[in-house]
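If you want the building blocks of each chain, they are given just below.
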Amino acid sequence: MNLRKICSSSWIYPTAILCLYGFFANCRPAEPFLTPYLVGPKNISEEVVTNQLFPIWTYSYLAILCPVFLLTDFLRYKPLIVLQGAALVTNYCLLSFTDSLAAMTALQVTYAVVTSTEVAYFSSIYSLVPPEHYQRATGYLRASMLTGYTFGATLSQLLVSLAGTSLFHINVITLGMVSISLLVSMFVPMPQRGMFFKGATGKGEGQEKEVEKQTPRSKVEKRGWCQGNGVVVQMWAALKEAYGSERVVCWSLWWALATAGYTQVFNYVQLMWDHVEPSSSAAIYNGGVEAVCTLVGAAAAFGVGHVRVAWDVWGELCLGVFSAVGAGTVFLMAFTTSIWVCYAGYVLFKASYMLLITITTFQIATNLSMECFALTFGINTFVALALQTVITAIVVDERALGLDIVTQFIVYGSYYTAVSTLFFIKGLYTACIHHSRPSHPTPHTDIVSSQRL
């Protein structure tokens, strides 16, 4: 009992529980084979999946994200994590044991609940562990998610290719995995307070007041936005602090624009693979490709942490160049007739995105307090989703253009080309301005900037 009490009161227990939950919640062997399962055993046409079912997820996600984001802090994270686990179980129950189009429509809504509650999982760690452990705990959480996803994708590919396991049984196995995540979610600790809703016990409030008395006035003023009485006032002050910096606005703009395009490609790439090489008549390697993507992307994200670059000078140009790589790979997927070229294009596309989103996240986080970063994360995600919804409503939805999958990818490639051009021009301008300044302050500036990552 004493050991359990010690673990519960430290950062180890909540981090371990959240990592365990993250592993099983992301270990979904059926996910890389969703489209083949829908157009195969479920007997739903590719057009219905593309232009009717998948847009429902986008619209539902947009509708659910905002209230979930607000409720996350108010309910103190754990109820939303449990809700995510329950939605995952419901999702794979529907996939495994129902066949109607209405059930598959409901499935899109439950999956929107899953994706919208990710914000609770990502931000819960910052209310459960002391600030000095933020970096390590965040790394462990990301590692557990990537490990779970990679393990699930690899397992599914091995089962399909070597054991000849049916996609139905792959979904049943996934149901077992996410059921474990629901069970683990019950043991996630409940934070004593949120970042904005300070719902603490009397003892906690007394400790906060005592700390405030002992805090120098300069430090109180520096974080004065979190000392206010009203939640709305706190959020508004955090919003002004977050987006008052031109640098944060620039990085956030890329985050929103690129994430909208990435999510569209990610959502519909299985349909592209099925178009190039129909799963009904050929062996498919979706699970293996997703596993490779995750490993390559993780390696790229890890490697960038060891690169010394003056991001203040070259960051925007880097965004433009690697966004151009993303645009090229999307066009490649659209025009190729080889499934292996299509697979390779997707690996490069996902790796370049994970590389840039890692840089972007860190650059924003280094300029903000954790509370401001959590709010910025939510707002950037919402803007990306709103933009993605507009793209879906115009390009994908059958009530609008209802484009086929190849034409969709041409549109997505053009979209990424526009994003790349915007940031390439901005990056050239920033680099030219920097090098037109007097040279003597440059070394100091470069050293400081390069040490931020």
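Bear in mind that the values here come from a model prediction, so they are computed numbers and not experimental data. Note on numbering: residues in each chain are counted from 1, in written sequence order. In view of the model being predicted, local features appear only for residues whose pLDDT reaches at least 70, and side-chain atom pairs are presented and counted only at 80 or more, with totals across whole chains, interfaces and linings using the full set of residues. Processing note: side-chain calculations cover all non-hydrogen atoms of the structure and skip hydrogens and water entirely.

Peer 1: Would you mind going over the overall build of the protein chain in detail, with residue names and values included?
Peer 2: Counting its regular elements, the protein chain contains 19 helices and zero strands. The buried label goes to any residue with under 20% of its type's maximum accessible area, the exposed label to any with over 50%, and the partly exposed label to all in between, with areas taken from a 1.4 Å probe on protein chains only. Out of the 453 residues belonging to the protein chain, those deemed buried represent 50%. Every residue pair with non-hydrogen atoms within 4.5 Å of one another is taken to be in contact. For the protein chain, contacts bridging at least 24 residues in sequence account for 84% of all contacts bridging at least 6. With residues, only the protein chains shown are counted as cover, and all accessible areas are computed by Shrake-Rupley using a 1.4 Å probe. With the model as given, the accessible surface of the protein chain reaches about 20,500 Å², and the carbon-plus-sulfur share is 68%. Note on conventions: DSSP H or I runs of at least 4 residues are helices, E runs of at least 2 residues are strands, and numbering of each starts at the N terminus.

Peer 1: Residues and numbers for the environment of Leu94, please.
Peer 2: Inspection of the secondary structure assignment puts Leu94 in helix α5 (residues 78–97). Discounting residues that sit within four places of it in the chain, Leu94 has contacts with Lys42, Ala103, Met104, Ala106, Leu107 and Thr110.

Peer 1: Before we move on, can you summarise the nonpolar core with the specific residues and values?
Peer 2: Among buried residues, the Ala, Val, Leu, Ile, Met, Phe, Trp, Tyr and Cys ones that are joined through side-chain atoms within 4.5 Å form a nonpolar core. Within the largest apolar cluster, 113 residues are counted, with the highest numbers of intra-cluster contacts made by Trp254, Met333, Phe409 and Tyr412. In terms of residues, this core owes the most to one element, helix α13 (residues 246–276), which gives 16 residues. With residues up to four places along the chain from it excluded, the contact list for Tyr412 reads Gln264, Val265, Tyr268, Val330, Ile391, Val395 and Val396.

Peer 1: Tell me what's going on with the packing of aromatic side chains, and back it up with residues and numbers.
Peer 2: Two aromatic rings from Phe, Tyr or Trp, using only the six-membered ring of Trp, form a pair when their centres are within 6.5 Å; if the ring planes differ by under 30 degrees the pair is stacked, by over 60 it is edge-to-face, and anything between is tilted. Evaluated as defined, the whole model comprises 20 aromatic pairs. Here the aromatic rings of Trp57 and Tyr111 are separated by 6.2 Å at their centres, their planes lie at 40°, and the arrangement is tilted. Pair noted here: Trp57 is in helix α4 (residues 46–74) and Tyr111 is in helix α6 (residues 101–116), with a separation of 54 residues, a long-range link. When its relative accessible area of 6% is taken as the criterion, Trp57 is described as buried. With a centroid separation of 5.4 Å and 35° between ring planes, the pair formed by Tyr285 and Trp340 is classed as tilted. Taken together, the residues span a long stretch of sequence, with Tyr285 in the loop between α13 and α14 (286–304) and Trp340 in helix α16 (residues 339–365) at a distance of 55 residues. According to the relative accessible area criterion, Tyr285 is partly exposed, its value standing at 32%. For Trp340, a relative accessible area of 54% puts it in the exposed group.

Peer 1: Would you mind going over the environment of Met177 in detail, with residue names and values included?
Peer 2: Considering the arrangement of structural elements, one finds Met177 in helix α9 (residues 167–185). When its relative accessible area of 14% is taken as the criterion, Met177 is described as buried.

Peer 1: Kindly report on the packing of α5 against α9, identifying the contributing residues and their values.
Peer 2: The interhelical angle for the contact between α5 and α9, taken along N-to-C directions, is 165°, at an axis separation of 9 Å. It follows that α5 is roughly antiparallel to α9 by the angle criterion. In this structure, the crossing between α5 and α9 has a hand that is left-handed. Across from Lys78, Ile81, Val82, Gly85, Ala86, Leu88, Val89, Tyr92, Cys93, Leu95, Ser96 and Phe97 in α5, the residues of α9 making contact are Phe168, Asn171, Val172, Thr174, Leu175, Val178, Ser179, Ser181, Leu182 and Ser185. Gly falls in the polar group here, along with every residue not listed as nonpolar (Ala, Val, Leu, Ile, Met, Phe, Trp, Tyr, Cys, Pro) or charged (Asp, Glu, Lys, Arg). Across the contact of α5 with α9, the residue classes tally to 14 nonpolar, seven polar and one charged. Geometry is summarised by axes, namely lines fitted to C-alpha atoms with helices restricted to the contacting stretch, and by angles between N-to-C directions that run from 0 to 180 degrees. Roughly parallel means an angle under 35 degrees; roughly antiparallel, over 145; roughly perpendicular, 65 to 115; everything else is oblique. Each crossing gets its handedness from the near helix: less than a right angle anticlockwise from the far helix is left-handed, clockwise is right-handed.

Peer 1: Pulling in residues and values, what's your account of the pattern of salt bridges?
Peer 2: Any carboxyl oxygen of Asp or Glu that lies within 4 Å of a side-chain nitrogen of Lys or Arg is treated as forming a salt bridge with it. On inspection of all chains with the given rule, the structure shows six salt bridges. Residue Lys42 pairs with Asp99 through a salt bridge whose shortest N-O separation is 3.1 Å. Of this pair, Lys42 sits in the loop between α3 (34–39) and α4 while Asp99 is found in the loop between α5 and α6, placing the two residues 57 residues apart along the sequence. Residue classification places Asp99 among the exposed residues on the basis of a relative accessible area of 54%.

Peer 1: Quick one: what's the story with unusual backbone geometry, residue by residue and with numbers?
Peer 2: In this structure, Asn43 is a non-glycine residue whose phi angle is positive, near 60°. Mapping Asn43 onto the fold places it in the loop between α3 and α4. Since its relative accessible area comes to 66%, Asn43 is described here as exposed. Even without a glycine there, the phi angle at Tyr77 is positive, about 70°. In this structure, Tyr77 sits in the loop between α4 and α5.

Peer 1: Which residues make up α13, and what values go with them?
Peer 2: Because an α-helix packs 3.6 residues into every turn, residues spaced three or four apart end up facing the same way. Its 31 residues give α13 an end-to-end C-alpha distance of 43 Å, which sits within 8% of 45 Å, the value for a rise of 1.5 Å per residue. The sharpest bend along α13 comes to roughly 45°, located at Tyr268. Burial of α13 is extensive: 26 of the 31 residues sit out of reach of the surface. Working rule for helices: expected span equals 1.5 Å times residues minus one. Given a residue, its bend is the angle between the two axes fitted to the seven residues that end at it and to the seven that start from it.

Peer 1: Got a sec to walk through the packing of helix α15 (residues 311–335) against α16? Specific residues and values, please.
Peer 2: Between two packed helices, both the angle of their axes relative to each other and the distance between the axes serve to describe the pair. With their axes 9 Å apart at the nearest point, α15 and α16 run at an angle of 160° to one another. The angle between α15 and α16 falls in the class roughly antiparallel. Of the two possible hands of crossing, α15 and α16 adopt the one that is left-handed. Contact residues: Trp311, Cys318, Leu319, Phe322, Ser323, Gly326, Thr329, Val330, Leu332 and Met333 in α15; Val341, Cys342, Gly345, Tyr346, Leu348, Phe349, Ser352, Leu355, Leu356, Ile359, Thr360 and Gln363 in α16. Residues that form the contact of α15 with α16 fall into these classes: 15 nonpolar, seven polar and no charged.

Peer 1: A description of the side chain of Asn51 should follow, citing residues and the corresponding values.
Peer 2: Along the chain, Asn51 turns up in helix α4. Setting aside residues up to four positions removed in sequence, Asn51 forms contacts with Val396, Asp397, Glu398, Gly402, Leu403 and Gln408.

Peer 1: I'd like a description of the side chain of Thr329, backed by residues and values.
Peer 2: Along the polypeptide, Thr329 turns up in helix α15. When its relative accessible area of 5% is taken as the criterion, Thr329 is described as buried. Among residues more than four places away in sequence, those in contact with Thr329 are Gly345, Leu348 and Phe349.

Peer 1: Describe the confidence of the model for the protein chain, and please don't skip the residues or the numbers.
Peer 2: As a per-residue measure, pLDDT tells how confident the predictor is, with possible values from 0 to 100. With 83% of its residues at a pLDDT of at least 70, the protein chain reaches an overall mean of 82. In this model, residues 440–453 is a region of pLDDT below 50 whose contacts with residues beyond four sequence positions or in other chains number 22 contacts.

Peer 1: For a nonpolar patch on the surface, give the residues involved together with the corresponding values.
Peer 2: Two distance rules govern patches: like charges are joined within 9 Å, and nonpolar side chains (Val, Leu, Ile, Met, Phe, Trp, Tyr) within 5 Å, applied only to residues with over 30% relative accessible area and no salt bridge. A cluster of nonpolar side chains, Leu71, Phe74 and Leu75, forms an exposed patch at the surface whose accessible area comes to about 260 Å². Relative to the elements of secondary structure, Phe74 occurs in helix α4.

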